[in-house]
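# Understanding the architecture of this molecule
Residues per chain, in single letters:
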Amino acid sequence: MKYNITVSKTEASRLSSVDFDNIPFGRVFSDHMFVADYQDGEWQDLRIVPFGNFEMHPAAMVLHYGQAIFEGMKASKTVDGKAMLLRPEMHAKRINASAARMCMPAVPEDLFLEALHALIDLDQAWIPPQLGSALYIRPYMFATDEFIGVKPSQRYKFIIFTGPVGPYYPKPVSLIAEQKYVRAVNGGTGEAKAAGNYAGSLLPAKIANEKGYDQVMWMDGSEFKYIQEVGTMNIFFVIDGKVITPATDGAILKGITRDSILNILKDKGYQIEERPLAIDEVVKAHEAGKLEEVFGSGTAAVIAHVAKIAYQDKEMVLPPMEERKIGAMIKEEIDGLRAGTIEDERGWVVAVQSDILVNI
Ligand SMILES: Cc1ncc(COP(=O)(O)O)c(C=O)c1O
């Protein structure tokens, strides 16, 4: 180990109180968390401690000026019981891209990965063995300076905690193409996984729900013409056999699942296009009977199929699930990589490995 991470183990594990066959999403937290404090230009006091509350100063800058970023990833167990991560280095890189945009310090990639492996190794028993279940991992960073005034904080906390989650098979979702609010604009913070982006999405999502739709399809901020993302996922369209996803243009989050999907499709010889995609093109394709599939992509669901899309006074209903092949194939491929039942030809699967347990 390069870094000196201290470990204080919990004296009262909560593991036996968890029903792994019935886990409510986002409400169960594992025994330990990793914490580091940034001060005087470096990450200090690297520690794994029992999961628990921390105190916060009322003037902590994050509470006022919103310097807060996060990641979302998963550890899972292969069918032969080995703990693994999928492309963890991509998350280390993305949190640092988010940090740079929000004027926050980088977490050295090797520190991010060492802390991650140590924490997951220690709480391995929290990874649900059931197929499709996983240990959700939440790395995040926020500003802790006690100061009133808009400027970058000098101090930050970086934390990783985890919690088991059950299989996530969302029913096909209905979308409404947003015509008033925007999630992100070029030059804004949409490409960062910044907490404020999600706060801004809540009102349009609530209005969409009130109109009877599950999620918002985000459009570009200047013309409301080009499609960006859906809810908190990237979006893919299959039109006449071609797979099209909006090009990342500074406003779209560079999803790691999105990247994996593009690689898988390329390897399998599909025709793929990353480019601006106008809603008019989707409407025309639907009218011509060529809109074959639409799905969202993200770590939580891998793939969320779209049932229908409302745009102005039209409602585009997608073909029945039996006719959709590509989204289902991708989900099978990514789930298979995680389960170790599909060979990892790309070096994406990383076994959890740490000597943290021999050192305590
Ligand atoms: C806004 C947004 N878009 C897309 C994604 C999908 O990204 P990933 O595939 O890395 O989970 C997420 C989730 O992280 C997100 O919050």
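Quick note: structure is the one above.
Here is a short report on the structure shown in this document. Note that this is a predicted model, so its numbers are computed, not measured. (Residues numbered from 1 in each chain as written. Predicted model: local features only at pLDDT ≥ 70, side-chain atom pairs only at ≥ 80, totals over all residues. Heavy atoms only, no water.)

### Thoughts on the packing of aromatic side chains
Put simply, the test is: Working definition: a ring pair exists when centres of Phe, Tyr or Trp rings (six-membered ring for Trp) sit within 6.5 Å. Plane angles under 30 degrees give stacked, over 60 give edge-to-face, the rest tilted. Working definition: helices are DSSP H or I runs of at least four residues, strands are E runs of at least two. Numbering for both runs from the N terminus. Three exposure classes are used, based on accessible area relative to the maximum for each residue type with a 1.4 Å probe and protein chains only: buried under 20%, partly exposed in between, and exposed over 50%.
Evaluated as defined, the whole model comprises 14 aromatic pairs. Between Phe236 and Phe295, the aromatic rings sit 5.3 Å apart at their centres with planes inclined by 15 degrees, giving stacked as the arrangement. On the criterion of sequence distance, the pair formed by Phe236 in strand β12 (residues 234–239) and Phe295 in strand β15 (residues 291–298) is long-range, its members being 59 residues apart. Across the pair, Phe295 and Phe236 agree in class, each one buried.

### Concerning the nonpolar core
Spelled out, the test is: Definition of nonpolar core: a set of buried residues of the types Ala, Val, Leu, Ile, Met, Phe, Trp, Tyr and Cys, connected through side-chain atoms within 4.5 Å. Where each domain starts and ends comes from a domain assignment, either automatic or drawn from a database.
Membership of the largest hydrophobic core comes to 56 residues, with the highest contact counts inside it found for Phe34, Trp43, Met141 and Phe158. Per element, the largest residue contribution to this core is eight residues, and it comes from helix α3 (residues 109–122). When we break this core down by domain, the ones giving at least three residues each are domain 1 (6–167) and domain 2 (173–323). Among the nonpolar cores identified, the runner-up in size contains 26 residues, and Phe224, Val294, Val306 and Leu318 belong to it.

### Digging into the pairing of strand β7 (residues 134–143)
Where we set the bar: Strands qualify as paired when DSSP identifies two bridges or more between them.
The buried fraction of β7 is high, at nine of ten residues. Direction of pairing for strand β4 (residues 68–70) relative to β7: antiparallel, over a ladder of three bridges. The residue of β7 that forms the bridge with Phe70 is Tyr140. One ladder, built from three bridges, connects strand β5 (residues 73–77) with β7; its direction is antiparallel. Its bridge partner lying in β7, Ala75 is registered against Leu135. In this sheet, strand β8 (residues 156–165) lies alongside β7 in antiparallel orientation, the contact comprising ten bridges. Among the inter-strand pairings, Phe142 is bridged to a residue of β8, identified as Lys157.

### Points about helix α4 (residues 195–210)
Residues that lie three or four places apart on an α-helix share one face, since the helix turns once every 3.6 residues. The line we're drawing: A helix is expected to span 1.5 Å for every residue after the first. Bend, at a single residue, is the angle you get between axes fitted to the 7 residues ending at that residue and the 7 residues starting at it. Contacts are assigned to residue pairs with any non-hydrogen atoms lying within 4.5 Å of each other.
For α4, which comprises 16 residues, the first-to-last C-alpha distance of 24 Å matches the rise-based estimate of 22 Å (1.5 Å per residue) to within 8%. Taken as a whole, α4 carries its principal kink of about 30 degrees at Leu202; the proline Pro204 stands between one and four residues after it. Within α4, burial applies to Asn197, Tyr198, Ser201, Pro204 and Ala208. At its buried positions, α4 is contacted by β4, β9 (173–177) and β10 (215–219).

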